[in-house]
Each structure stands twice: as structure tokens, then as C-alpha cells.
Amino acid sequence: MDIGSGVELRQLRCLVAIIDEGGFTDAAAVLGVSQAAVSRTLASLEQALGVRLLRRTSRIVTPTATGLRVAAHARRVLGEVETLVREAASGHTRLRIGYAWSALGRHTLAFQRRWAERRPETELQLVRVNSGSAGLAEGACDMAVVRRPLEDRRFESAIVGLERRLCALAADDPLARRRSVRLADLGGRTLLVDRRTGTATPELWPPDARPATEETHDVDDWLTVIATGRSIGVTAESTANQYPRPGVVYRPVRDAEPVAVRLVWWRDDPHPAAQAVMELLTELYRER
């Protein structure tokens, strides 16, 4: 494999083996090639880099200062390649599900436990990535849970459940004394939103009654600001389940449409467990 500038992985393995084994003969034995092949490979690496990597005498081989630096980089590159190969080989024995803010709310623990009982051969990992695709487009996960539709045609999706919309308020806010609120109660407030992943937008309100907005990109920052009373938030109920916070209360917004919870995966390369995940999540959301 060529990794750029004419440098190949076999050359890096050769350099590391010579340094680790202390010479060409032992390196050849470890690599399973002839001593002459080791010499040629090392020479081709030095030529590709334009530097001398080893000092060779009739008795010993020692790395130059540059050789030590190159070897350190080589070890990192080889380690990353090994990880890549291992990840690819074990991809179907592990399932990574991304989420942006709140995973599955109150269903999160039940999902993890039932999955372990029903599919013990497939390790489940939940990965928090605050991006529009919850890490799917970035390669951080195999599937993702999102609460706003993705327009990217590379992805397939299915709605697995619905969640109520809640308003997050400072605990001493006058509205916190109510059991529920209406959108009209919030129109004159400042709404704290995450435009990349959040479900709350000014479009929830009529054009002539929309709140002012401020932007955030993290749920912890969102909660910290709301606790001061400076802003309010509107979010899916899963946020309240996963992020209780002293100084912040959640109240249902009784006239707001519910939030659709979507499972998303690559259209052309679905994980083999995609159907099982969809069925289990749908089951959990039906158990309300």
C-alpha cells in the first residue's frame, strides 16, 4: 500500500523491524524475507524520503536522529492501519449508534439491556456526536437516532416513535409553577436553539408571535444558560429524561406537535442489524 510520496507500508514495517531487532538478519527472519530484500526495501525508503535513516557498520546498525523520528511516525501509521483492518473485520460484530443530545431518553437503558439479551453476539455502543447526522456522515457510527429529518439522499430513515415537546425553564421562572404551558406563553421570551441538531425553531410559532433566538451547540451549555433565567428552551422529552439539572424544570407544551424520533442508516450499506434495531426501538416507544 502506497501512503503518499512513494512511501509504502512494507518499507515502514522494514524500518521498524530493523530498529527493533537490531540488524538486517533478524529483521529478515521476523518479516519472513531475505536479508537482501530487507536491504533493498530500506534503501528504497531512504531514497523516497531523501534522507539517511540508519548507520550501518559491519557489526551494528543504529538509527540516525532522522531515522528515530521517522520510525516513531511509522509506528503510529502502522498502528492506525492495524486498527483500521481490525475495525473493518469486526464491523458486523459491533453496532455503533450515534445521537446528538439525548439518545433514547427513558428508553435508553431498556434498549441497551434488551439488545444485550437478544443479540449478545453484536456489541452495542452509543456514541454522542453533535452533528446534523449524529455522527453518521462523519463515519463515527453505523446508524443514528435523530429528531429532525435529514435531506441527504445517501441515508434511509424510519420513524420509530414520537416524543412530546417540553419547555425547559429556570426553576424560579413564573411559568415553572404551571403544570404545562402553551406556545403563546413563550412568544415573548428568548429561545435558545441548536440549529444543527435541535428540534425547536421559531417556525413553531405564528409569524407575528415568534420568540427571539440565541444559538448554542451543546446540551450542557444550553442547560447552564436556561438555569440563569436569561433564555428558555423547547426540546423533546428525551432531553428531560437524560439531562435532569438542578435549577431547570421541564413543562409540557400542550399545543405543540410531537417530535418524530428517526432511525437513520446508510442507504447503500446498511448494517446487518438495522432491521433488528428498528423493531426493538419501535417496540420500546409503543410501550408508553
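Residues numbered from 1 in each chain as written. Predicted model: local features only at pLDDT ≥ 70, side-chain atom pairs only at ≥ 80, totals over all residues. Heavy atoms only, no water.

**Description of the sheet that holds strand E10 (residues 233–236)**
Here's step 1: In space, the three strands of this open sheet follow the order E10-E7-E11, with antiparallel pairing throughout. Single-partner strands in this sheet number two, and they are E10 and strand E11 (248–252). For this sheet the average axis-to-axis angle between neighbouring strands, irrespective of direction, equals 35°.
Here's step 2: Of the pairings in the sheet, the one linking strand E7 (residues 165–170) to E11 comprises five bridges and is antiparallel in character. Across the sheet, the residue bridging to alanine 170 is valine 248, located in E11. (Pairing = 2+ DSSP bridges. Helix = DSSP H or I, 4+ residues; strand = E, 2+ residues; numbered from the N terminus. Axes fitted to C-alpha atoms, helices over the stretch in contact; angles between N-to-C directions.)

**Describing a nonpolar patch on the surface**
Here's step 1: Together, Val30, Leu31 and Val33 give the surface a local cluster of nonpolar side chains, amounting to about 230 Å² of exposed area.
Here's step 2: Note that valine 33 resides in the loop between helix H2 (24–31) and helix H3 (35–49).
Here's step 3: Taking the relative accessible area as the measure of exposure, valine 33 reaches 41% and is therefore partly exposed. (Patch = residues over 30% accessible without salt bridge, like charges linked within 9 Å, V, L, I, M, F, W, Y side chains within 5 Å. Areas by Shrake-Rupley, 256 points an atom, 1.4 Å probe, with all protein chains shown as cover. Salt bridge = Lys/Arg side-chain N within 4 Å of Asp/Glu carboxyl O. Buried < 20%, exposed > 50% of the residue type's maximum accessible area, 1.4 Å probe, protein only.)

**Details of the packing of helix H1 (residues 9–21) against H2**
Here's step 1: Where H1 contacts H2, the axes come no closer than 8 Å and their chain directions differ by 125°. The orientation of H1 with respect to H2, classified from their angle, is oblique. The element H1 and its partner H2 pack so that their crossing is right-handed. The residues of H2 that touch H1, namely those facing Arg13, Cys14, Ala17, Ile18 and Glu21, are Phe24, Asp26, Ala27, Val30 and Leu31.
Here's step 2: For the contact of H1 with H2, the residue count by class is seven nonpolar, no polar and three charged. (Parallel < 35°, antiparallel > 145°, perpendicular 65-115°, else oblique. Left-handed = near helix turned anticlockwise from the far one by under 90°. Contact = heavy atoms within 4.5 Å. Nonpolar A, V, L, I, M, F, W, Y, C, P; charged D, E, K, R; others polar.)

**Things to note about the packing of aromatic side chains**
Here's step 1: Summed over all chains, the structure comprises three aromatic pairs.
Here's step 2: Taking 5.2 Å as the distance between ring centres and 70° as the angle between the ring planes, the aromatic pair formed by tryptophan 101 and tryptophan 222 counts as edge-to-face. Of this pair, tryptophan 101 sits in the loop between strand E3 (94–99) and helix H5 (108–118) while tryptophan 222 sits in helix H7 (residues 219–227), placing them 121 residues apart in sequence.
Here's step 3: Judged by its relative accessible area of 10%, tryptophan 101 falls in the buried class. (Phe/Tyr/Trp six-rings, centres within 6.5 Å; stacked < 30°, edge-to-face > 60°.)

**Looking at the sheet that holds strand E4 (residues 123–128)**
Where strands meet in a sheet, backbone hydrogen bonds hold them as pairs that are either parallel or antiparallel.
Here's step 1: Read from one edge of the open sheet, five strands run E4-E3-E5-E12-E6, paired in mixed fashion. Each edge of the sheet is formed by a strand with only one pairing partner; in this case those strands are E4 and strand E6 (155–163). Pairs of neighbouring strands in the sheet enclose a mean axial angle of 25°, with direction left out of account.
Here's step 2: Two strands pair when backbone bridges link them, and E3 and E4 are joined in this way by six bridges, in the parallel orientation. Looking at the pairing, arginine 96 lines up with glutamine 125 of E4.
Here's step 3: Where H5 meets the sheet, it contacts E3 and E4, and its direction lies at approximately 155° from that of E4.

**Focus on unusual backbone geometry**
Here's step 1: Despite not being glycine, alanine 103 shows a phi value in the positive range, around 45°.
Here's step 2: Relative to the assigned elements, alanine 103 resides in the loop between E3 and H5.
Here's step 3: The phi torsion at alanine 134 lies on the positive side, around 55°, for a residue other than glycine.
Here's step 4: In this fold, alanine 134 is placed in the loop between E4 and strand E5 (143–146).

**Topic: the nonpolar core**
Here's step 1: Leu12, Leu15, Ile18, Phe24, Leu42, Leu53 and Leu54 are the most contacted members of the largest nonpolar core, which has 22 residues in total.
Here's step 2: In terms of residue count, the dominant contributor to this core is H1 (seven residues).
Here's step 3: Not counting residues up to four positions away in its chain, the partners in contact with isoleucine 18 are Gly23, Phe24, Ala27, Val38, Leu42, Leu54 and Val61.
Here's step 4: Membership of the second largest hydrophobic core comes to 21 residues, among which are Phe111, Val145, Ala273 and Leu284. (Core = buried A, V, L, I, M, F, W, Y, C linked by side-chain atoms within 4.5 Å.)

**Remarks on helix H9 (residues 274–286)**
Here's step 1: Given a rise of 1.5 Å per residue, 13 residues ought to cover 18 Å, and the 18 Å separating the end C-alpha atoms of H9 matches this to within 8%.
Here's step 2: Those residues of H9 that sit buried are Ala274, Val277, Met278, Leu280, Leu281, Thr282, Leu284 and Tyr285. (Expected span 1.5 Å × (residues − 1).)

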